[in-house]
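# Structural description and commentary
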Protein chains: 2
Amino acid sequence: MAGRLSTPGTTVTSRALALLGAFDEDHRRLTLTELAARAGLPVPTAHRLVGELVAWGALARDPRGRFAIGRRLWDLGLLAPVQTGLRQLASPYLHDLYGATLDTVHLAVRDGLEVLYLDRLAGNTSVPVVSDIGSRLPMHSTGVGKVLLAHAPPEVQADVLSDLRRITPYTVVQPGTLRRQLARVLRDDYATTVEEMSLGACSVAVPIRAGSDVVAALGIVVPGLRNDRAKYVAALQVAAQGVGRALAAARRDPS
Amino acid sequence: MAGRLSTPGTTVTSRALALLGAFDEDHRRLTLTELAARAGLPVPTAHRLVGELVAWGALARDPRGRFAIGRRLWDLGLLAPVQTGLRQLASPYLHDLYGATLDTVHLAVRDGLEVLYLDRLAGNTSVPVVSDIGSRLPMHSTGVGKVLLAHAPPEVQADVLSDLRRITPYTVVQPGTLRRQLARVLRDDYATTVEEMSLGACSVAVPIRAGSDVVAALGIVVPGLRNDRAKYVAALQVAAQGVGRALAAARRDPS
DNA sequence: GCGCGTCCTTCCACTGACCGGAATCGTCGT
DNA sequence: ACGACGATTCCGGTCAGTGGAAGGACGCGC
């Protein structure tokens with residue numbers, strides 16, 4: 001009366017990964033039962049797998065017996081190639097930029113149809129900023145997103161343009177309007193948003209290039225854009241070019 | 001003539017984890033064959049498991065067909081509880097400190113018998129700094145290490161004191177000397193090093209407290225320590241107290 | 001062009017590691 | 001004391017995983 005009832009086709013590995021996938025921004029700590037439910041596994045099965053994950057250090061138990069992502073996965077995550085390298089290289093330039101403006105500064109790359117934020121220096125202003133390191137936001141409503149979208153392959157652009165969600169009253173939801181904006185981004189080599197992601201927040205962003213490819217974007221969030229737009233664009237471009245040169249230098253050296 | 005020859009006791013999960021564990025600081029990119037060898041698995045077995053890991057996003061293939069840690073593991077790593085929370089909370093204070101001094105600033109915790117660096121703002125000076133985010137260094141030769149060691153449980157202190165590796169000619173390798181320094185750290189509430197980790201680099205560090213527990217350390221690396229030591233200590237303590245207050249506030253609020 | 005070395009991928013029959021319902025064991029709150 | 005809930009342990013049936021062998025896909029030297 002025992003036997004295996006798991007739906008065929010499910011591998012052990014995929015189950016272990018499902019357990020890891022049960023954690024997200026809003027669920028950093030889970031009990032075994034929650035974990036099993038979120039991963040779609042029976043409790044005893046989850047128990048055994050989780051035991052192995054904990055033994056290895058992928059998960060950890062907190063004092064209350066709940067589970068969380070372990071330190072070893074944190075270590076591994078830092079080894080992820082593109083992000084870490086880029087983040088480390090760009091870090092000093094981000095700080096320079098932050099020092100010069102004291103506004104919130106972002107480093108982001110495209111991940112599928114979204115923007116992935118690799119780093120953020122939080123400005124001390126009270127501008128509402130929703131991004132956070134590791135978070136993803138839509139491309140059509142952020143400065144860095146527009147830059148990355150403008151340089152993305154046509155099929156990505158088409159996918160994004162076909163589903164423009166409204167986020168604030170000022171979000172651009174007309175494909176035609178956005179397409180025109182993207183053309184302008186290519187021409188001017190920078191993008192802006194005005195309260196399109198959150199009210200009271202405007203942004204300017206520029207591309208970061210490795211050779212001729214756009215590999216990331218650098219952005220700044222400010223309370224408003226008056227006549228000082230040129231100042232921000234200039235500071236951003238200096239920083240972006242610095243990162244680009246550092247990237248090129250690093251690419252020649254190791255790999 | 002097929003059959004299973006794997007040594008009994010090895011689980012699928014442990015093999016998948018062994019594959020992840022094959023990556024480290026010096027091996028960020030591996031071919032399938034290297035991966036299999038480092039994980040101690042036959043190539044076909046590694047091939048199948050790696051396929052699942054890639055499908056899930058734990059690993060990624062680069063253009064040359066080699067494997068590396070994937071973006072999804074990077075995401076997960078950011079969810080690791082202690083570090084992320086502390087890092088996020090401390091971030092603005094680190095930036096303030098960096099802005100005030102323009103020297104390299106560190107946030108670190110104790111991990112076993114070593115110091116684990118959670119964050120670093122790289123100063124633009126040319127002081128040789130060996131630490132990096134996620135890296136581990138010995139406790140007896142770094143400023144943050146001495147702070148954390150001074151507040152560590154006696155058995156940890158004993159373990160560390162029993163094996164003081166020499167790193168530079170100035171590294172403290174006499175247990176008695178270090179013990180006296182630790183006592184002074186407790187009295188003065190800050191620690192210093194003078195070229196004990198790398199030549200040309202000195203450091204000052206202070207503890208970060210949550211309540212009365214020391215949970216982390218804040219340090220700064222400078223080219224030399226003259227009469228300005230007091231200035232650094234004061235700046236560090238202001239920042240550390242700020243982080244401590246933020247920690248206390250955060251602890252009251254959510255979980 | 002051709003042989004050779006290296007690495008990647010597919011195949012497939014055997015079998016022991018995994019599965020999960022059921023039962024047991026804490027540990028709460030009432 | 002008792003019920004409710006979650007964490008553990010048990011254990012026999014079975015199928016997912018195993019890995020040697022064979023087949024490709026390159027790249028390189030001659």
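Described below are features of the structure shown in this document. None of these values were measured; they are calculated from a predicted model.

## Section: the pairing of strand β3 (residues 104–111) of chain A
Residue and element names in this part refer to chain A. With 6 of its 8 residues buried, β3 lies for the most part within the structure. Strand direction decides the pairing type here: β3 and strand β8 (residues 213–222), joined by 5 bridges, are antiparallel. The partner of L107 across the bridge, within β8, is L218. Where β3 and strand β4 (residues 114–121) come together, 7 bridges link them in antiparallel fashion. If you follow A108 over to β4, its bridge partner there is Y117.

## Examining helix α4 (residues 71–78) of chain B
With 6 of 8 residues buried, α4(B) lies mostly within the body of the structure. Along α4(B), the positions that sit buried rather than exposed are B:L73, B:W74, B:D75, B:L76, B:G77 and B:L78.

## Things to note about the packing of helix α6 (residues 143–150) of chain A against helix α8 (residues 175–188) of chain A
Residues and elements named next belong to chain A. At a minimum axis separation of 9 Å, α6 and α8 run at an interaxial angle of 80°. Between α6 and α8, the angle falls in the class roughly perpendicular. From α6, K146, V147, L149 and A150 reach across to α8, where they touch L178, Q181, L182, V185 and L186.

## A short note on the sheet that holds strand β4 (residues 114–121) of chain B
All names here are of chain B. Read across the sheet, 6 strands follow the order β5-β4-β3-β8-β7-β6 without closing on themselves; strand pairing throughout is antiparallel. Looking at strand neighbours, the two that pair on one side only are β5 (136–138) and β6 (191–194), the edges of this open sheet. Direction aside, the axes of adjacent strands within the sheet are offset by 35° on average. Seen against the sheet, helix α6 (residues 143–150) touches β3 (104–111), β4, β6, β7 (202–210) and β8 (213–222) and runs at an angle of roughly 160° to β8.

## Structural notes on the pattern of salt bridges
All names here are of chain B. Scanning the model with the defined rule gives 22 salt bridges over all chains in all. The closest approach of N and O atoms between D119 and R87, which form a salt bridge, is 2.9 Å. Highlighted residues: D119 in strand β4 and R87 in helix α5 (residues 81–101), separated in sequence by 32 residues. Here the two residues D119 and R87 agree in accessibility, since each one is buried.

## Remarks on the relation of the copies chain B and chain A
These two copies of the chain differ by a rotation about an axis and a displacement along the same axis. Aligned on chain A, chain B shows an RMSD of 0.4 Å; the corresponding rotation is 179° and the shift along the axis is 0.2 Å. Both chain copies can therefore be described as sitting about a two-fold axis. Here 98% of the interface residues in chain B have copies in chain A that are interface residues too; the copies meet face to matching face.

## With respect to the sheet that holds strand β6 (residues 191–194) of chain A
The strands that make up a sheet are held in pairs by hydrogen bonds between backbone atoms, and each pair lies either parallel or antiparallel. With antiparallel pairing, 6 strands are arranged side by side in an open sheet as β5-β4-β3-β8-β7-β6 (chain A). Looking along the sheet, the strands with just one partner apiece sit at the ends: β5 (136–138) and β6 of chain A. Strand after strand, the sheet turns through a mean of 35° between neighbouring axes, direction not considered. Of the strands in this sheet, β3, β4 and β5 of chain A are in contact with α4(B), which crosses β4(A) at around 45°.

## Quick word on the environment of A:G134
Within the secondary structure, A:G134 is located in the loop between β4 and β5. In this structure the C-alpha to C-alpha distance between A:G134 and A:E25, which are 109 residues apart in sequence, comes to 9.5 Å. Each residue touching A:G134, except ones within four places of it in the same chain, is listed here: A:L116, A:Y117, B:W74, B:D75 and B:L78.

## Details of the packing of aromatic side chains
Aromatic ring pairs: the centre-centre distance and the angle between the two ring planes describe each pair. Scanning all chains against the criterion turns up 0 aromatic pairs over all chains. Looking at A:R72, its charged tip hangs above the ring of A:W56, at a distance of 4.0 Å from the centre.

## What about the packing of helix α1 (residues 12–21) of chain B against helix α3 (residues 43–56) of chain B?
Residues and elements named next belong to chain B. Where α1 meets α3, the closest approach of the two axes is 10 Å, and the angle between their N-to-C directions is 80°. One way to sum up the angle between α1 and α3 is to call them roughly perpendicular. Where α1 approaches α3, its residues V12, R15, A16, L19 and L20 are matched on the opposing element by T45, A46, L49, V50 and L53. By residue class, the composition of the contact of α1 with α3 is 8 nonpolar, 1 polar and 1 charged.

Scoring rules and cut-offs
- Residues numbered from 1 in each chain as written.
- Chains lettered and ligands numbered in written order.
- Predicted model: local features only at pLDDT ≥ 70, side-chain atom pairs only at ≥ 80, totals over all residues.
- Heavy atoms only, no water.
- Buried < 20%, exposed > 50% of the residue type's maximum accessible area, 1.4 Å probe, protein only.
- Helix = DSSP H or I, 4+ residues; strand = E, 2+ residues; numbered from the N terminus.
- Pairing = 2+ DSSP bridges.
- Axes fitted to C-alpha atoms, helices over the stretch in contact; angles between N-to-C directions.
- Parallel < 35°, antiparallel > 145°, perpendicular 65-115°, else oblique.
- Contact = heavy atoms within 4.5 Å.
- Salt bridge = Lys/Arg side-chain N within 4 Å of Asp/Glu carboxyl O.
- Least-squares fit on C-alpha atoms with pLDDT ≥ 70 in both.
- Phe/Tyr/Trp six-rings, centres within 6.5 Å; stacked < 30°, edge-to-face > 60°.
- Lys NZ or Arg CZ within 6 Å of the ring centre and 35° of its normal.
- Nonpolar A, V, L, I, M, F, W, Y, C, P; charged D, E, K, R; others polar.

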